[in-house]
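# Coordinate analysis (summary)
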There are 2 protein chains.
Amino acid sequence: MATEIEKKFLVTSDKFKRTKNKALFRQGYLSIDFERTVRVRSYDGQGFLTIKGKTRSCTREEFEYNIPVHEAERMLDKLCVRPIIEKIRYFLTYEGCKWIVDEFLGVNEGLITAEIELENEAQIFAKPEWVGNEITYDIRYFNSNLVENPYKSW
Amino acid sequence: MATEIEKKFLVTSDKFKRTKNKALFRQGYLSIDFERTVRVRSYDGQGFLTIKGKTRSCTREEFEYNIPVHEAERMLDKLCVRPIIEKIRYFLTYEGCKWIVDEFLGVNEGLITAEIELENEAQIFAKPEWVGNEITYDIRYFNSNLVENPYKSW
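Residues numbered from 1 in each chain as written. Chains lettered and ligands numbered in written order. Predicted model: local features only at pLDDT ≥ 70, side-chain atom pairs only at ≥ 80, totals over all residues.

### Observations regarding the sheet that holds strand β1 (residues 5-11) of chain B
Residues and elements named next belong to chain B.
- Pairing in this open sheet of 9 strands is antiparallel, and the strands run β5-β4-β3-β2-β6-β7-β8-β1-β9 from one edge to the other. Each edge of the sheet is formed by a strand with only one pairing partner; in this case those strands are β5 (62-67) and β9 (131-134). Direction aside, neighbouring strands of the sheet carry axes that sit 30° apart on average.
- By the bridge criterion, 8 bridges tie strand β3 (residues 36-43) to strand β4 (residues 46-53) in an arrangement that is antiparallel. If you follow V38 over to β4, its bridge partner there is I51.
- Contacts between helix α1 (residues 69-78) and the sheet are confined to β2 (22-33), β3, β4 and β5, with β3 contributing the most and set at about 120° to the helix. (Pairing = 2+ DSSP bridges. Helix = DSSP H or I, 4+ residues; strand = E, 2+ residues; numbered from the N terminus. Axes fitted to C-alpha atoms, helices over the stretch in contact; angles between N-to-C directions. Contact = placed C-beta atoms within 7 Å.)

### A few points about the interface of chain B and chain A
- Facing 15 residues of chain B, the contacting portion of chain A comprises 15 residues.
- Of all elements in the fold, only β2, β3, β4, β5 and α1 of chain B reach the threshold of two or more residues within the side of chain B that touches chain A.
- Here the side of chain B that touches chain A is built from residues that sort into 9 nonpolar, 2 polar and 4 charged. (Nonpolar A, V, L, I, M, F, W, Y, C, P; charged D, E, K, R; others polar.)

### Observations regarding the relation of the copies chain B and chain A
- Least-squares fitting of chain B to chain A yields an RMSD of 0.0 Å, with the superposition described by an axial translation of 0.0 Å and a rotation of 180°. A rotation of that kind, with that shift, is consistent with a two-fold axis. Rotation axis and chain B: the residue whose C-alpha lies nearest the axis is S31 of chain B, separated from it by 2.9 Å.
- When the interface residues of chain B are mapped onto chain A, 100% of them again lie at the interface, so the same face is used by both copies. (Least-squares fit on C-alpha atoms with pLDDT ≥ 70 in both.)

### So, the UniProt feature "active site" (unreviewed entry) in chain A
Residues and elements named next belong to chain A.
- Under the local residue numbering, the UniProt record ascribes the feature "active site" (unreviewed entry) to Y29.
- Its location among the elements puts Y29 in strand β2 (residues 22-33).
- On the neighbour-count criterion, Y29 (23 C-beta atoms within 10 Å) is buried.
- Setting aside anything within four residues of it in sequence, one finds Y29 in contact with T37, V38, R39, C80, V81, S144 and V147. (UniProt positions renumbered as here; feature names shortened; annotations may be inferred. Buried ≥ 20, exposed ≤ 12 C-beta atoms within 10 Å, placed from the backbone.)

### Overview of the confidence of the model for chain A
- Mean pLDDT over chain A: 92, with 95% of residues reaching 70 or higher.
- Complex prediction metrics read pTM 0.88 and ipTM 0.85. (pLDDT = per-residue confidence, 0-100.)

### Section: the nonpolar core
- By size, the foremost hydrophobic cluster in this structure holds 32 residues, and its most contacted members are L30 of chain A together with L30 of chain B.
- With near-sequence residues (within four places) excluded, L30 of chain A lies in contact with V38, V40, L79 and C80 of chain A together with S31, R36, V38 and I51 of chain B. (Core = buried A, V, L, I, M, F, W, Y, C linked by C-beta atoms within 7 Å.)

If you want it as structure tokens, here you go:
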């Protein structure tokens, strides 16, 4: 199994908004148990169900299924743990690397994070000027935790 | 939405075993929250993921997805809440009505239940001689509860 390495940062300005490549993401959880999360997500007219196990060393069980978007929306509206996470996701490329920026809405408004996916821990990459402190290992920023403890209540 | 009515009974003898129409069912839960259950099931070379909301009057939200059986087995072995439910399900017809009988294994060995699906509450049906007391509304027999409180521990 390939191990993906992601690094996550806070975003310090809105200069990332120059991209037009963005979509509204809605996501919620049917389980936010420590041992397993079940996530429902809708964006760009598509629905997804994603099951993740707990992280053990570098690997994590993960299963993802494409589902009808109206069923994802129904689960988000009727079944998922409150509140739902809503965010605008921006897709950018900076000096050859792909970044995704999440601008949270609703109960997490004010929070903006950026993620880059690397091939290995030692990979060198350039940080855009709007990228601030690293928060990769800070559990408060895990999306599942932003349900139970939303940013606006910090 | 059509409302299905199911009635569940205890089974008092093994005379139902005359059918050859049977399959091993393995099922487990990624969530057994009161508000929502997420069930993983494998049988007959197929995998399923089923999400159910809580029952409100006669209706219940329900979503089911066919998934690769090896992924269902992996979730059953690695991710689901312990223990897993294992049972042999028998499919029978008695005087024009379809019955399913579940003979539980493992931690629920000794428990055998029978279910019939009716079109309405008033429908008349014949009970086979091996069908005993009704347990439709007895929560102890809900499969999700047989995980947390298995039959052998009663």
